[in-house]
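So you can see what is in the structure, the chains are spelled out below.
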2 protein chains.
Amino acid sequence: MTATANRQLLLASHPKGRVRDEDFRLAESPLPALAEGQVQVRTIYISIDPTMRIWLHPADNYLPMLQHGEVMRSVSLGVVEASRSSAHAVGAFVQGLWGCQEHAVVDAAAVMPLPPIAPLPLTAHFSLLGHIGMTAYCGLVKIGRPLAGETVVVSAAAGAVGSLVGQIGRILGCRVVGIAGGEAKCRHLTEVLGFDAAVDYRRDDFAAALKEACPKGIDVYFDNVGGEMLDLALTLMNVFGRIVACGMISTYNDLSAAGPRNIAQVVIKRLRMEGFVILDPQHDAKEAYEHLLKWAAEGRLQHRAHILEGLECVPDAINMLLEGRNQGKLLVRVGQEP
Amino acid sequence: MTATANRQLLLASHPKGRVRDEDFRLAESPLPALAEGQVQVRTIYISIDPTMRIWLHPADNYLPMLQHGEVMRSVSLGVVEASRSSAHAVGAFVQGLWGCQEHAVVDAAAVMPLPPIAPLPLTAHFSLLGHIGMTAYCGLVKIGRPLAGETVVVSAAAGAVGSLVGQIGRILGCRVVGIAGGEAKCRHLTEVLGFDAAVDYRRDDFAAALKEACPKGIDVYFDNVGGEMLDLALTLMNVFGRIVACGMISTYNDLSAAGPRNIAQVVIKRLRMEGFVILDPQHDAKEAYEHLLKWAAEGRLQHRAHILEGLECVPDAINMLLEGRNQGKLLVRVGQEP
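Residues numbered from 1 in each chain as written. Chains lettered and ligands numbered in written order. Predicted model: local features only at pLDDT ≥ 70, side-chain atom pairs only at ≥ 80, totals over all residues. Heavy atoms only, no water.

**Re the packing of aromatic side chains**
Residue and element names in this part refer to chain A.
Next up, step 1: Inspection of every chain in the model, using the stated rule, returns two aromatic pairs over all chains.
Next up, step 2: When the ring of Tyr-137 is compared with that of Trp-295, the centres are 6.1 Å apart and the planes differ by 40°; the resulting orientation is tilted. In this pair, Tyr-137 is assigned in helix 3 (residues 130-144) and Trp-295 in helix 9 (residues 285-297), connecting sequence segments 158 residues apart. Judged on exposure class, the residue Tyr-137 and its partner Trp-295 are both buried.
Next up, step 3: Above the ring of Trp-55, the side-chain terminus of Arg-73 is found at 5.4 Å from the ring centroid. (Phe/Tyr/Trp six-rings, centres within 6.5 Å; stacked < 30°, edge-to-face > 60°. Helix = DSSP H or I, 4+ residues; strand = E, 2+ residues; numbered from the N terminus. Buried < 20%, exposed > 50% of the residue type's maximum accessible area, 1.4 Å probe, protein only. Lys NZ or Arg CZ within 6 Å of the ring centre and 35° of its normal.)

**Overview of the pattern of salt bridges**
Next up, step 1: What the rule picks out here adds up to 40 salt bridges over all chains.
Next up, step 2: The salt bridge involving B:Glu102 is made with B:Arg7; its shortest N-O contact spans 2.9 Å. A residue pair is termed long-range when its members are at least 10 positions apart, and B:Glu102 in the loop between strand 5 (93-96) and strand 6 (103-107) and B:Arg7 in strand 1 (residues 5-11) qualify at 95 residues.
Next up, step 3: With relative accessibility at 25%, the residue B:Arg7 sits in the partly exposed group.
Next up, step 4: In this structure, the salt-bridge partner of B:Glu22 is B:Arg20, at a minimum N-O distance of 3.8 Å.
Next up, step 5: A residue is classified by how much of its surface remains accessible, and B:Glu22, at 52% relative accessible area, is exposed.
Next up, step 6: What you see here is one network of salt bridges that share partners, running through A:Arg18, A:Asp316, A:Glu323 and A:Arg325. (Salt bridge = Lys/Arg side-chain N within 4 Å of Asp/Glu carboxyl O.)

**A word on the interface of chain A and chain B**
Next up, step 1: Taken together, the 31 residues of chain A in the interface contact 31 residues of chain B.
Next up, step 2: Roughly 2,700 Å² is buried in total at the junction of chain A and chain B, and carbon and sulfur atoms are behind 66% of that figure.
Next up, step 3: Taken together, the connections running from chain A to chain B amount to two salt bridges.
Next up, step 4: The interface formed by chain A and chain B holds five residue pairs in polar contact (both at pLDDT 80 or more) in total.
Next up, step 5: Only strand 12 (237-245), helix 8 (265-268) and strand 13 (272-275) of chain A provide two or more residues apiece to the side of chain A that touches chain B. (Contact = heavy atoms within 4.5 Å. Buried area = accessible area lost by both parts, 1.4 Å probe. Polar contact = N/O pair within 3.5 Å; in protein donor to acceptor, adjacent residues only side chain to side chain.)

**Observations concerning the side chain of B:Arg272**
Next up, step 1: Within the secondary structure, B:Arg272 sits in strand 13 (residues 272-275).
Next up, step 2: Among the polar contacts made by the side chain of B:Arg272, one reaches the main-chain carbonyl oxygen of B:Ile143 at a distance of 2.9 Å.
Next up, step 3: B:Arg272 has contacts with A:Arg272, A:Met273, A:Glu274, B:Ile143, B:Arg145, B:Gly241, B:Arg242 and B:Ile243, leaving out every residue within four places of it along the chain.

**As for the domain arrangement of chain A**
Residues and elements named next belong to chain A.
Next up, step 1: Examined at the domain level, chain A breaks down into domain 1 (5-127 + 303-333) and domain 2 (130-275).
Next up, step 2: At the interface, 20 residues of domain 1 touch 11 residues of domain 2.
Next up, step 3: Together domain 1 and domain 2 conceal approximately 1,400 Å² of surface at their shared face, both sides included; 56% is due to carbon and sulfur atoms.
Next up, step 4: The largest contributions to the domain 1 side of the interface with domain 2 come from Ile-54, His-57 and Leu-322, which together make up 25% of the buried area.
Next up, step 5: Across the domain 1-domain 2 interface, the total number found is zero salt bridges.
Next up, step 6: The interface formed by domain 1 and domain 2 contains five residue pairs in polar contact (both at pLDDT 80 or more).
Next up, step 7: Counting residues per element, the ones that place at least two in the side of domain 1 that touches domain 2 are helix 1 (51-55), helix 2 (124-127) and helix 10 (314-322). (Domains from an automatic or database assignment.)

**Side note on the relation of the copies chain A and chain B**
A rotation about an axis combined with a shift along that same axis relates the two copies of the chain.
Next up, step 1: Between chain A and chain B, which share one sequence, the superposing operator has a rotation angle of 180° and an axial displacement of 0.0 Å; the RMSD is 0.0 Å. The two molecules are tied by a two-fold rotation axis, judged by turn and shift. If distances are taken from each C-alpha of chain A to the rotation axis, the shortest is found for A:Gly259, at 2.1 Å.
Next up, step 2: The fraction of interface residues of chain A whose copies in chain B are also interface residues reaches 100%, indicating that both copies meet through the same surface. (Least-squares fit on C-alpha atoms with pLDDT ≥ 70 in both.)

**Details of the layout of surface pockets**
All names here are of chain B.
Next up, step 1: Empty space within the second largest pocket amounts to approximately 930 Å³.
Next up, step 2: Among the secondary structure elements, those contributing two or more residues to the lining of the second largest pocket are helix 1 (51-55), helix 3 (130-144), helix 4 (160-171), strand 9 (175-180), helix 10 (314-322) and strand 15 (329-333).
Next up, step 3: For the lining of the second largest pocket, the residue count by class is 29 nonpolar, 13 polar and five charged.
Next up, step 4: Looking at which domains feed residues into the lining of the second largest pocket, each of domain 1 (5-128 + 303-333) and domain 2 (133-275) supplies at least three. (1 Å grid on protein atoms, 1.4 Å probe; cavity = no way out; pocket = protein on both sides within 12 Å on 5 of 7 lines; lining within 4 Å. Points joined across faces, edges and corners; volume = space filled by probe spheres on them. Nonpolar A, V, L, I, M, F, W, Y, C, P; charged D, E, K, R; others polar.)

**Let's talk about the environment of A:Ile278**
Residue and element names in this part refer to chain A.
Next up, step 1: Residue placement: Ile-278 occurs in the loop between strand 13 and helix 9.
Next up, step 2: By relative accessible area, Ile-278 is classed as buried at 14%.
Next up, step 3: As for Ile-278 and Ala-296, which are separated by 18 residues in sequence, their C-alpha atoms are 21 Å apart.
Next up, step 4: Setting aside residues up to four positions removed in sequence, Ile-278 forms contacts with His-131, Met-134, Thr-135, Cys-138 and His-283.

Below you can see the structure in the form of structure tokens.
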């Protein structure tokens, strides 16, 4: 039977600093009628991503500013439960930006069909493929353009994107150094994921340790973090190095924090620092998917999901992610898999 | 008759902040004997460039650190007065990094022959061509890649590089906005050089005025200045904008000054920020020279030299440049043209 009532997580106020439960409210509402060309989806997983904190700022970003009373934006995965579009059949898995709600009625063009990936689990659409895998693959390969033998450093290396970036760097023949918080995460990077080295940014001698882990300097810095880590990386970059500006998670709670003091290294070392957002149309999924699926099938790309339960988990899940308390790709399950 | 004695400007100490005369000393010394494969040059003009302040920091940069007692580095232009190389005949004009001295004995490969450019004056090798013209042309065309109709903003727009960048941007069909210090310079940009708009950064309402001058945002920011102006430009950049990181003159007296707070815009707006140094071999002079000479002959590119007299002027000339007190390409004449 198709649902007619819906639960939604609505924005109550734009958070200042850390996200609080009070910045949101849960609401129940009837689902709108399904019009021609639309589909009704039932949400299964919500992807928790650092960029959600950007979306919560009271300003337009690469997407329009979220207004009070709007459904919190998210990349969501679900199943079509009713359809008035030839593009999506009932029972098909789809992904889209319909946000943090248990059901949604959306235009057929606003959701993307998901290919079958068995024997991989459904969560691999977020832990290996989808926007996570695309970000890692396209960011490293297309923006960073590493050559075999070069040194790739990735920050937030134990995160969903970072752990794929490091493994892809190894597959491409690079020396890969991960930066992560805590000894356990660092051990996971070297012992399980095959990074050449991992450096704990909580160490007092972090700067010296990172330098030691990069005896030939840094050729590609895949930056998920910004802030002081970007500043340090600037001092270790080699001439003609590339900085993949994927995210600046350390600055998302306060976008006006102090900037990198060593920015003049961009001139002195002829660096290229380039931002990208995987939603942009120039990022073609085909090449990325072929490689990610092949490498995963060969056992060369490991990925894992960290699953929380229920819509009400979303606000704290955002904090959890920004504070590095998750292990694996962070998801919130709001409905059962069929 | 060929000189056998030489006057040199030597580094006495690495300046902290503003350059002082005491950071240098003038010395007289005999010229070394000319060996096979070498030439002896007589210096005519020394180019005063912002990068000289970078060279004076006590650290390696894109060139090795200058040591106490070394001749101050500069791009110099002179005439061959003795030669034991088939590459350069006596009387030929050459350019090289032999620095602030009246004569020099150098390897033939370390100097570059200068093509005849009459009816242009000899100083046009620095005000239109050479490293200045190459920096403007390659930086804007190859790094910035502006399209007709886009908005190009250039800082230090009344400087040698900036004034060429703006004029080239106009030739390419862009809307060109210059940033300069003071009303007189701004008037020169719009009334003489044909910029679409010029904004005086000393105005109290500078940020609002720059925004108003760029009603469609900024597509290419040619940055000679860094610091607060870079920070402001980051807020006005359009999606997929490009920042040509040519120089960061505002930070050269203190390379550890605060960095750009708005650096996260690189991610949010998918910007590319790319540094370059015109000495790098990938910058091919041929294309740049053809265009610069053609446009100058057509009267579409104006350039002028601001000439000081004597080696002892060099230290204050560097300050003059960093403080924007020059009008036109700043040169120090240390010998007469033949």
